[in-house]
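Structural characterization, general
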Amino acid sequence: MNSKQEEMKCRDYAVNWHPYTQMKTATDIIPIVRAAGSYLYDANNKQYIDAVSSWWVTLHGHAHPYIAQKLSEQLHTLEQVIFAGFTHQPAIELSERLLALLPVAQTKVFYTDNGSTAIEVALKMAIQANYNKGGKKTKILAFKNGYHGDTFGAMSVSGRGVWTDPFGAMLFEVLFIDAPTKSNLEETKAFIQQHAEETICFIYEPLVQGAGGMLMHQAEDLSALMQFCKSKGILLIQDEIFVGFGRTGKLFAANHLTESPDVMCFSKGLTGGTLPLGITTCTEAIYQSFFDSDKTKALFHGHSFTASPLACTAALASMDLLLMDETQQNIAAISHQHHLFIQRLKHHPQVLDARQCGTIFAMEWKTSGETSYFSDMHDILYPFFLERGILMRPLGNIIYLVPPYCMSEEDLSYIYSCIEEALELMCK
């Protein structure tokens, strides 16, 4: 390690506290000094292929010149203004363009700072809509193994485990159900029926439960569950924070479904990974539950950087790139490459399961040991791929790929070959 790399690492440990990291045992902090396209570079100029889009956010690759150009122009025009009582062109245009791409029922946009806060707003919208209309419902429905963020409301509706145990007594009550399958759908409906009169809303990750292990369910089963909930007057909150903006092979998971939600949440790829931004959209019916001469029925929520002109500008630039034919072709190509790779893995003795949804690939390793997030598999596989110049963060015994859409066929093939190399080593 050269002196700059070592110096940055030492300085970092002295002052920084990293997410999802036990700092006492952390030894793998890597200083990154620049990035371009699918690649990250450390101070030794070692190149890493960003196979997870830097926590699923970088849609078009790092330091994209088009997004940088648009941000530079905006920086010289308007960098920030309070969004209470004021507005600006980037926020207006982004709302208009996003709503035009969503199910027609979505009519209003509420801006926040990140995915967790987008979820908080969605929950507050549903709960207060019920309250403003004099409703007495108190319960929320969610999937087991779900993940919606790390703030208290988001934690409450996420799967419970070691990360939520210290706060368990402070989280509100949630009714948890399994993700839908043809075999459990009727049983799930019967459970929901028992609680329908007291259930405000159902919050769910459509098609792919990301942090839960890239668990996948079918669009037709989710559509049937959504339809049943709507028939019982249960509001639907669709968390597209991970799966939105092309990850599933279509612009949104909503494009796979026959039913439309009442509320939708977006973040991560929203700005192409350039700046933090959260969005919660809703139907006119939800909006009208707050639209009243009684000021106490307003939605009392806001952030200092709500609808940041810079973040909105980055999102508009990312949307321009996303809708280009070239990007859509790249999404289709990555999806096809994943499909072909899965065929190669089907009969491998070390593979428990391999699956995909669009550009999202996941593979479960057969192991006799612990399979949770704290599995030793992480300590084996994470450095294995780093040594080969690949950034990949296993979820227990599950490895996954969420590549930026600019990733080349050659880089993706190289990643596949390294996965196969790891499989062979594990067999020995």
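One structure accompanies this document, and this report is about it. Here the residue numbers are simple positions, counted from 1 along each chain's written sequence. Only residues with pLDDT of 70 or above have their local features reported here, since the model is predicted, and side-chain atom pairs are shown and tallied only from 80 upward, although totals for entire chains, interfaces and linings are computed over all residues. Side-chain figures throughout are based on the complete set of non-hydrogen atoms in the structure, without hydrogens or water.

Points about the pairing of strand β14 (residues 360-365)
Burial classification: accessible surface area is computed with a 1.4 Å probe over protein chains only, and a residue below 20% of its type maximum counts as buried, one above 50% as exposed, and the rest as partly exposed. The way it works is that DSSP assigns letters per residue, a run of H or I at least four long becomes a helix, a run of E at least two long becomes a strand, and they are numbered from the N terminus. The buried fraction of β14 is high, at six of six residues. One ladder, built from six bridges, connects strand β13 (residues 351-357) with β14; its direction is antiparallel. Residue pairing in the sheet places Gln356 in a bridge with Phe361 of β14. Here β14 runs beside strand β16 (residues 398-401); their pairing, made up of four bridges, is antiparallel. The residue bridging Ala362 from the neighbouring strand is Tyr400, located in β16. Strand pairing is defined by DSSP finding a minimum of two bridges between the two strands.

Quick word on the packing of helix α3 (residues 65-75) against helix α10 (residues 309-322)
Only the stretch in contact is used when fitting a helix axis, every axis being a line fitted to C-alpha atoms; angles between N-to-C directions are given from 0 to 180 degrees. Between α3 and α10, the shortest axis-to-axis distance is 9 Å and the interhelical angle comes to 150 degrees. Relative to α10, the element α3 is oriented roughly antiparallel. Considering the relative orientation of α3 and α10, their crossing is right-handed. Every residue of α10 that contacts α3 at Tyr66, Ile67, Lys70, Leu71, Gln74 and Leu75 is listed here: Pro309, Leu310, Thr313, Ala314, Ala317, Ser318, Asp320 and Leu321. For the contact of α3 with α10, the per-class residue count stands at nine nonpolar, three polar and two charged. Relative orientations are named as follows: roughly parallel for angles under 35 degrees, roughly antiparallel for angles over 145 degrees, roughly perpendicular for angles from 65 to 115 degrees, and oblique for any other angle. Left-handed describes a crossing whose near helix is turned anticlockwise from the far helix through less than a right angle; right-handed describes the clockwise counterpart. Two residues form a contact once any of their heavy atoms are found within 4.5 Å. By the convention adopted, Pro, Cys, Tyr, Trp, Phe, Met, Ile, Leu, Val and Ala count as nonpolar, Lys, Arg, Asp and Glu as charged, and the other residues, Gly among them, as polar.

A look at the pattern of salt bridges
Only one rule defines a salt bridge in this text: a Lys or Arg side-chain nitrogen within 4 Å of an Asp or Glu carboxyl oxygen. As enumerated under the stated definition, the model contains 17 salt bridges in all. Between Arg97 and Asp320 there is a salt bridge; the shortest N-O distance is 2.9 Å. In this pair, Arg97 is assigned in helix α4 (residues 89-101) and Asp320 in helix α10, connecting sequence segments 223 residues apart. For Arg97, a relative accessible area of 24% puts it in the partly exposed group. Across the pair Asp292 and Lys297 runs a salt bridge, and its minimum N-O distance is 3.8 Å. Residue classification places Asp292 among the partly exposed positions, given a relative accessible area of 41%.

Some details on the layout of surface pockets
Computed from the structure, the second largest pocket encloses a volume of approximately 390 Å³. Of the grid points, spaced at 1 Å and generated over the protein atoms alone, those admitting a 1.4 Å probe that cannot get out make up cavities, while open sets with protein on both sides within 12 Å along at least five of seven lines make up pockets; any residue with an atom within 4 Å of a point is treated as lining. Lining the second largest pocket are 15 residues, and of these Phe83, Ala84, Phe86, Phe110 and Thr306 lie nearest its centre. Broken down by secondary-structure element, the contributors of at least two residues to the lining of the second largest pocket are α4 and β4 (106-112). Its residues assigned to classes, the lining of the second largest pocket shows nine nonpolar, six polar and no charged. Grid points are joined across faces, edges and corners, and a volume is the space filled by probe spheres set on the points.

Focus: the nonpolar core
Proteins that are soluble and globular tend to have nonpolar side chains buried together. Grouped together as the largest cluster of nonpolar side chains are 38 residues, with contacts concentrated most on Phe143, Ile192, Phe202, Val208, Met214, Phe242 and Tyr400. Those elements that place two or more of their residues in this core are β5 (139-143), β6 (174-177), α7 (185-195), β7 (199-204), α8 (219-231), β14, α12 (376-387) and β16. For this core, the leading source of residues is α8, giving six residues. Residues contacting Tyr400, with those up to four places away along its chain left out, are Val52, Trp56, Met214, Phe361, Ala362, Met392, Arg393 and Leu395. Here, nonpolar core refers to any group of buried Ala, Val, Leu, Ile, Met, Phe, Trp, Tyr and Cys residues whose side-chain atoms link them within 4.5 Å. Ile49, Ile342, Met363 and Tyr416 belong to the second-largest nonpolar core, a separate cluster that totals 27 residues.

Some details on the pairing of β7
In terms of residue burial, β7 counts as a mostly covered element, since six of its six residues are buried. The pairing of β5 with β7 spans four bridges and is parallel. Bridge pairing in β7 places Ala142 opposite Ile203. Bridging between β7 and strand β10 (residues 235-239) involves four bridges; their strand directions are parallel. Each bridged residue has a counterpart across the sheet, and for Phe202 the counterpart in β10 is Leu236.

Remarks on the sheet that holds β6
The sheet built from seven strands is open, its strands ordered β4-β12-β11-β10-β7-β5-β6 with mixed pairing. Only two strands of the sheet have a single partner each, and these edge strands are β4 and β6. Sheet twist, expressed as the average angle between the axes of neighbouring strands with direction ignored, equals 20 degrees. Taken strand by strand, helix α5 (residues 115-132) contacts β4, β5, β7, β10, β11 (263-266) and β12 (278-283), and its axis lies near 25 degrees from that of β12. Across the sheet, α7 is in contact with β5, β6 and β7; its angle to β6 comes to roughly 165 degrees.

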